[in-house]
Amino acid sequence: MMMMKGEQWSNLGSTMAAIMFVYAMFRQYFPPQLQDYIFRYGKKLSNFMYPYIHVTFDEFIGERMKKSEAFSAIQNYLSDKSSSNAKRLKADVVKDSQSLVLSMDYNEEITDEFNGVKLWWSANRTTPKSQQFSFYPGADEKRFYTLKFHKRDRQVITGIYLSHVLKQGKAIAADNRQRKLYSNGTGQGWPGNRSSTTWTHVAFEHPATFDTLAMDEKKKREIKKDLVKFSNGKEYYAKIGKAWKRGYLLYGPPGTGKSTMVAAMANFLNYDVYDLELTTVKNNVELRRLLIETSNKSIIVIEDIDCSLDLTGQREEKKKKKKDDKNEEGDPISAMSKNEERKESEVTLSGLLNFIDGIWSACGGERIIVFTTNHVEKLDPALIRRGRMDKHIEMSYCRFEAFKVLAKNYLDIDSHPLFGEIGNLLEETDMTPADVAENLMLNSDDDEEEGETCLKNLIEALKTAKEEASKKAEEDARLEAEKEQKEKEEAEKEQSVKEDVTQDAISAKEVKDNGVIH
């Protein structure tokens, strides 16, 4: 028995060696045109005899500029079948780290059956041929799924089955959906450009809601109504010929809840959040690429837009910058410093405007773009006009309605005898919701006693703030009066000088006219 097996392996080895020899002779001595002819017709013959059809679903489409929805849907659809059939699996954590989703590993194949039709799915990837070491080895990697089925089942697969897979995959994605908080930074980067920026994410777990947001109830209802109208407006936006997006400008002093508002909007709509840091974006092209990579049902946030880049008042400062550049030519150290600054980011106001509502902004849909700023007056009017920032929301100081929300959140009380005094003080004093909340933080387990103490502390803080504001107003008034007095004195002095000069001129003329020369 062992001798027979040995003879079989020996014969197989001899056969393979003969095939390799014949193939080598064929490649060396046959003309290339004849080789192409033989390969072409050989492929036709094998296709005629091979009964299976292969369909490939790549991870990226459009020159790898956009992730394929079909790829993601197939990945979700195969997750259940992979856990029961595949021998090699990959695991991913979803739903607040409470559950696992399994998918088949690369070069693994599983069987599926639909309406009596048997078919096969396999997960594959191609890695770059270059073996050069890189910190980002996956940058040139291509991932794809391959579907194999008998050619007699073509109509069933292309007509019904693929639609079934996409529908089921999207439903599974909705069930397993975990909202994410994205941030742009240097990482694996755009395919073919490892030095570019890309999105990385963590689970979005911010607890803020409109119910806990310290703001006037009427204003909150207005914002929620606007958000619902937008999320249900796909057909309306298509009808009027506009991209399905909306811009929000949140402005007000620090500590008034602008970031909390963004979190409340995301929780209300169940959207992902993309926190865009403009200073890490190299140029307008990279900014556009980041936009393309954002998903639908998302909020793109640029916080403190007035501080992100030098985008404010660019048109007015253009001449001044040119003049400064000329002055720096004689100072190589200053010039080098300036060049280093420019290398950090070349994003322009024009590029940002195109990012918001240019042609590329229509790639995808159901996106909200939010700008936050502490100094709205510093922003270029073109950046915040209606149509770009459609809704302007002022995040102001804490008033009584907002205080009641904070009292409910922090102290779990709806009313108290001290509320009246607090309400009067809040109407007379500018204090941010963040400062009010700080005074309402409980420090002990006795909520009732501690709650009253917190309210008394808030009253004292409001009185102190009122006194400081009054003193500041008096000081400002005094400085303004001194400034006006100084300007008045300088004006009088200037007028006096002019009168003296005029008088001297008159005297000189009289002397000349009388012919008296000294």
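Residues numbered from 1 in each chain as written. Predicted model: local features only at pLDDT ≥ 70, side-chain atom pairs only at ≥ 80, totals over all residues. Heavy atoms only, no water.

- An unreviewed UniProt entry lists the protein chain under the name AAA+ ATPase domain-containing protein, from Gossypium stocksii.
- For the record of the protein chain, the UniProt heading Catalytic activity (unreviewed entry) holds the text "ATP + H2O = ADP + phosphate + H(+)".
- One UniProt comment on the protein chain, placed under Cofactor (unreviewed entry), says "Mg(2+)". (UniProt positions renumbered as here; feature names shortened; annotations may be inferred.)

**Details of the packing of aromatic side chains**
Next up, step 1: On inspection of all chains with the given rule, the structure shows 15 aromatic pairs.
Next up, step 2: Taking 5.7 Å as the distance between ring centres and 85 degrees as the angle between the ring planes, the aromatic pair formed by Y52 and W120 counts as edge-to-face. In this pair, Y52 is assigned in strand β1 (residues 52-58) and W120 in strand β7 (residues 117-126), connecting sequence segments 68 residues apart.
Next up, step 3: With a centroid separation of 6.2 Å and an interplanar angle of 50 degrees, the aromatic rings of F230 and W244 are classed as tilted. One end of the pair, F230, is in helix α5 (residues 217-231); the other, W244, is in the loop between α6 (234-240) and β11 (245-251), with 14 residues separating them in the sequence. With respect to burial, F230 and W244 carry one shared label: buried.
Next up, step 4: Three or more aromatic residues joined by ring pairs form one cluster here, namely F57, Y77, F114, W121 and Y161.
Next up, step 5: The ring of Y52 is capped by K148, whose NZ or CZ atom sits 5.4 Å from the centre of that ring. (Phe/Tyr/Trp six-rings, centres within 6.5 Å; stacked < 30°, edge-to-face > 60°. Helix = DSSP H or I, 4+ residues; strand = E, 2+ residues; numbered from the N terminus. Buried < 20%, exposed > 50% of the residue type's maximum accessible area, 1.4 Å probe, protein only. Lys NZ or Arg CZ within 6 Å of the ring centre and 35° of its normal.)

**Here we look at the side chain of D390**
Next up, step 1: Along the chain, D390 turns up in the loop between α13 (381-384) and β15 (391-394).
Next up, step 2: It is R246 that comes nearest to the buried, bridge-free D390 among opposite-charge side chains, at 4.3 Å.
Next up, step 3: One polar contact links the side chain of D390 to the main-chain amide nitrogen of G247, over a distance of 2.8 Å.
Next up, step 4: If sequence neighbours within four positions are ignored, D390 has contacts with K242, R246 and G247. (Lys, Arg positive; Asp, Glu negative; His and termini not counted. Salt bridge = Lys/Arg side-chain N within 4 Å of Asp/Glu carboxyl O. Polar contact = N/O pair within 3.5 Å; in protein donor to acceptor, adjacent residues only side chain to side chain. Contact = heavy atoms within 4.5 Å.)

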